[in-house]
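In case you want the letters, here they are:
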Amino acid sequence: MERFSRSIDLDGKMWREDLAVNRAWAQALREAGLLTVAEEKKIQRGLRAIKKEFRLSRFVFLPEDEDIHVAMERRLTELIGATGAKIHTGRSRNDQVVTDFRLYLKRRVPELQAVLRALVEALIAHAEATQAIILPAYTHTQQAQPIRLAHYLLSLCFALQRHDEQLRQFVERIDEMPLGCGAVAGTAFPIDRKKLAAALGFKRVMQNAIDATGTRSFCGEIVFICSDIGTTLSRYAHDFILWSTQEFGFIDLGEKFATGSSMMPNKKNPDAFELVRGKAGTLLGLLTGMMALQKGIPATYSRDLQEDKRLVFEALQCAEDCLLVFAGALETLRFRAGNMFAR
């Protein structure tokens with residue numbers, strides 16, 4: 001049961017956020033008169049020592065560390081004694097974990113946006129350089145009107161810009177703090193939640209404790225956006241796969257993002273684009289899993305929700321990998337203008 005219930009391998013990624021929450025909570029406890037000035041200083045000193053251990057990769061997780069919050073409190077108590085246990089006063093792991101999670105997403109989603117924007121910039125550069133290349137457009141997989149290659153490339157550019165806007169709006173929506181909500185009914189102590197939110201960089205506080213700790217609609221939303229990105233890339237990857245065939249001959253794949261056949265080494269296979277197309281299915285599966293996780297539980301927190309991070313973390317990494325690989329494959333391929341015009 002201990003092995004089955006552990007989540008440290010996943011939520012250990014949120015150590016920065018858990019440290020930030022602990023630092024802000026210690027200050028709030030002191031301001032509420034629950035810690036003395038000396039106790040808060042002692043806790044802050046211990047948290048700084050833990051931060052250094054993480055940065056130097058010296059923090060050691062123990063078998064009894066069920067999650068990052070338990071590990072952090074355990075180590076803090078080891079460093080400063082019984083005072084370290086006071087850090088959990090007036091809060092639940094329910095509001096702590098979801099606060100960590102929202103802070104993590106506020107940091108992680110802009111990283112995904114940066115990768116997405118790099119692909120947009122690469123597409124714009126290719127569009128500017130290929131304005132003279134004419135090729136047939138296709139509808140129903142049949143030749144339609146002639147278009148510029150730049151026109152085609154910019155269609156993906158505009159699709160990705162919409163995804164970037166989705167991500168921006170998502171970050172705006174999750175920018176509210178659950179900390180101080182406790183398990184379902186708030187905290188019994190006079191914590192200034194608005195000041196606490198400002199200290200952690202949140203724009204707003206969540207108003208209802210049941211909603212704050214129980215909702216995971218934001219998880220479904222970010223996995224959907226990742227899945228939506230994957231679906232967009234899959235459609236364009238499919239075109240590039242067709243274009244790489246001898247029958248089309250529109251592109252010559254770059255060596256770094258293509259592979260040979262184990263039986264026929266003369267072949268150049270579009271593995272990068274095929275894998276992107278395949279990962280779109282993986283992302284769709286993660287989205288289905290995320291929605292199924294939420295549908296069968298009551299409104300308040302249930303332990304089922306521990307699985308949310310597994311799905312969200314994998315979706316974010318998968319979407320980022322797809323964007324990076326697509327960009328790399330695009331940067332290294334060569335368009336065959338003559339073959340495009342001849343069609």
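Residues numbered from 1 in each chain as written. Predicted model: local features only at pLDDT ≥ 70, side-chain atom pairs only at ≥ 80, totals over all residues. Heavy atoms only, no water.

1. Observations regarding the side chain of Asp-100
Note the cut-off: Numbering of helices and strands starts at the N terminus; helices are DSSP runs of H or I of at least 4 residues and strands are runs of E of at least 2. To sort residues, take the accessible area from a 1.4 Å probe on protein chains only and compare it with the maximum for the residue type: under 20% means buried, over 50% means exposed, and anything in between is partly exposed. The charged-residue count follows a simple rule in which Lys and Arg add positive charge and Asp and Glu add negative charge, with His and chain termini not counted at all. Between Lys or Arg on one side and Asp or Glu on the other, a salt bridge is scored when a side-chain nitrogen of the former is within 4 Å of a carboxyl oxygen of the latter. Two residues qualify as a contact provided that any one of their heavy atoms is within 4.5 Å of a heavy atom in the partner residue.
Structurally, Asp-100 can be placed in helix α6 (residues 93-129). In this structure, Asp-100 is buried with no salt-bridge partner, the nearest side chain bearing the opposite charge being Arg-91 at 7.2 Å. Ignoring any residue separated from it by four or fewer positions in sequence, one finds Asp-100 in contact with Met-14, Glu-17, Asp-18, Val-21, Ile-68 and His-69.

2. Things to note about the packing of helix α7 (residues 149-173) against helix α10 (residues 217-243)
Convention followed: For helices, the fitted line uses only the C-alpha atoms of the stretch in contact; every axis is such a line through C-alpha atoms, and the angle between N-to-C directions lies from 0 to 180 degrees. Angle categories are assigned with fixed cut-offs, so that under 35 degrees is roughly parallel, over 145 is roughly antiparallel, 65 to 115 is roughly perpendicular, and the rest are oblique. For this classification, Asp, Glu, Lys and Arg are treated as charged, while Ala, Val, Leu, Ile, Met, Phe, Trp, Tyr, Cys and Pro are nonpolar and the rest, including Gly, are polar.
At a minimum axis distance of 10 Å, the contact between α7 and α10 shows a crossing angle of 170°. With respect to α10, the element α7 is oriented roughly antiparallel. When the residues that make up the contact of α7 with α10 are grouped by side-chain class, the tally is 17 nonpolar, 4 polar and 4 charged.

3. Let's talk about the environment of Ala-137
Along the chain, Ala-137 falls in strand β1 (residues 134-139). Judged by its relative accessible area of 18%, Ala-137 is buried. The spacing of Ala-137 and Arg-148 is 11 residues in sequence and 8.8 Å in space, taken between C-alpha atoms. Setting aside anything within four residues of it in sequence, one finds Ala-137 in contact with Gln-142, Gln-143, Ala-144, Gln-145 and Ile-147.

4. So, the pairing of strand β2 (residues 142-148)
Two faces make up the sheet, and in a regular strand the side chains alternate between them. Filter applied, for reference: Following DSSP output, two strands are said to pair if at least two bridges run between them.
Direction of pairing for β1 relative to β2: antiparallel, over a ladder of 5 bridges. Each residue of the ladder has a partner; that of Thr-139, found in β2, is Gln-142. Linking β1 back to β2 in an antiparallel pair, the connection comprises 2 residues, with His-140 at a positive phi of about 60°.

5. A few points about the packing of aromatic side chains
Rule in force here: Only the six-membered ring of Trp is used, alongside the rings of Phe and Tyr, when aromatic pairs are assigned; centres must lie within 6.5 Å, and planes under 30 degrees apart are stacked while those over 60 apart are edge-to-face, with the rest tilted. Here, over-ring charges are defined by two tests on the NZ atom of lysine or the CZ atom of arginine: distance to the ring centre within 6 Å, and angle to the ring normal within 35 degrees.
Applying the stated rule across the entire model yields 17 aromatic pairs. With a centroid separation of 5.9 Å and 85° between ring planes, the pair formed by Phe-101 and Phe-313 is classed as edge-to-face. Taken together, the positions of Phe-101 in helix α6 and Phe-313 in helix α12 (residues 308-332) put the pair 212 residues apart, joining distant regions of the chain. Each member of the pair Phe-101 and Phe-313 is classed as buried. Among the aromatic residues, those joined into a cluster by ring pairs are Tyr-138, Tyr-152, Tyr-236, Phe-240, Trp-243, Phe-248, Phe-250, Phe-273 and Phe-326. The positively charged end of Lys-106 is found above the aromatic ring belonging to Phe-202, 4.7 Å away from the centroid. The cationic tip of Lys-309 hangs over the ring face of Phe-101; the distance from NZ or CZ to the ring centre is 5.5 Å.

6. Thoughts on the nonpolar core
Put simply, the rule reads: For the purposes of this section, nonpolar cores are sets of buried Ala, Val, Leu, Ile, Met, Phe, Trp, Tyr and Cys residues that join through side-chain atoms within 4.5 Å.
Residues Leu-105, Phe-240, Trp-243, Phe-326 and Phe-335 are the most contacted members of the largest nonpolar core, which totals 72 residues. Among the secondary structure elements, those contributing two or more residues to this core are α6, β1, α7, α10, α11 (271-295) and α12. In terms of nonpolar packing, the next biggest core, distinct from the first, is built from 32 residues, Ile-43, Ile-50, Leu-200 and Val-205 among them.

7. Description of the confidence of the model for the chain
For clarity, the cut-off: Confidence scores labelled pLDDT are given residue by residue by the predictor and lie between 0 and 100.
Per-residue pLDDT for the chain averages 94, and the proportion of residues at 70 or more is 100%. Within the chain, no element has a lower average pLDDT than helix α1 (residues 2-5), which sits at 84, and none a higher one than α7, at 98.

8. Comments concerning the packing of α10 against α11
Test applied: Crossing handedness is read from the near helix: turned anticlockwise from the far helix by less than a right angle, it gives a left-handed crossing, and turned clockwise, a right-handed one.
Between α10 and α11, the least distance of the axes is 8 Å, while the angle of their chain directions is 160°. Classified by the interaxial angle, the pair formed by α10 and α11 is roughly antiparallel. At the point where α10 passes α11, the crossing takes the left-handed sense. For the contact of α10 with α11, the class distribution of residues is 17 nonpolar, 8 polar and 2 charged.

9. Let's talk about the pattern of salt bridges
Where charged atoms of side chains with opposite charge meet at close range, the side chains can pair. Inspection of every chain in the model, using the stated rule, returns 26 salt bridges. A salt bridge links Lys-268 to Asp-252, with the shortest nitrogen-to-oxygen separation between them at 3.0 Å. Pair noted here: Lys-268 is in the loop between β5 (251-252) and α11 and Asp-252 is in strand β5, with a separation of 16 residues, a long-range link. Judged by relative accessible area, Lys-268 falls into the partly exposed class, the value being 32%.

10. Section: the state of the cysteines
Here a disulfide denotes a covalent bond joining the sulfur atom of one cysteine to the sulfur atom of another. Worth spelling out the cut-off: The definition used for a disulfide is geometric: two cysteine sulfur atoms within 2.5 Å.
According to the stated counting rule, one finds 0 disulfides in the structure shown. Not part of a disulfide, Cys-226 finds its nearest cysteine sulfur in Cys-318, a span of 8.4 Å. Cys-318 provides the cysteine sulfur closest to Cys-322, a residue in no disulfide bond, and the two sulfurs are 4.4 Å apart.

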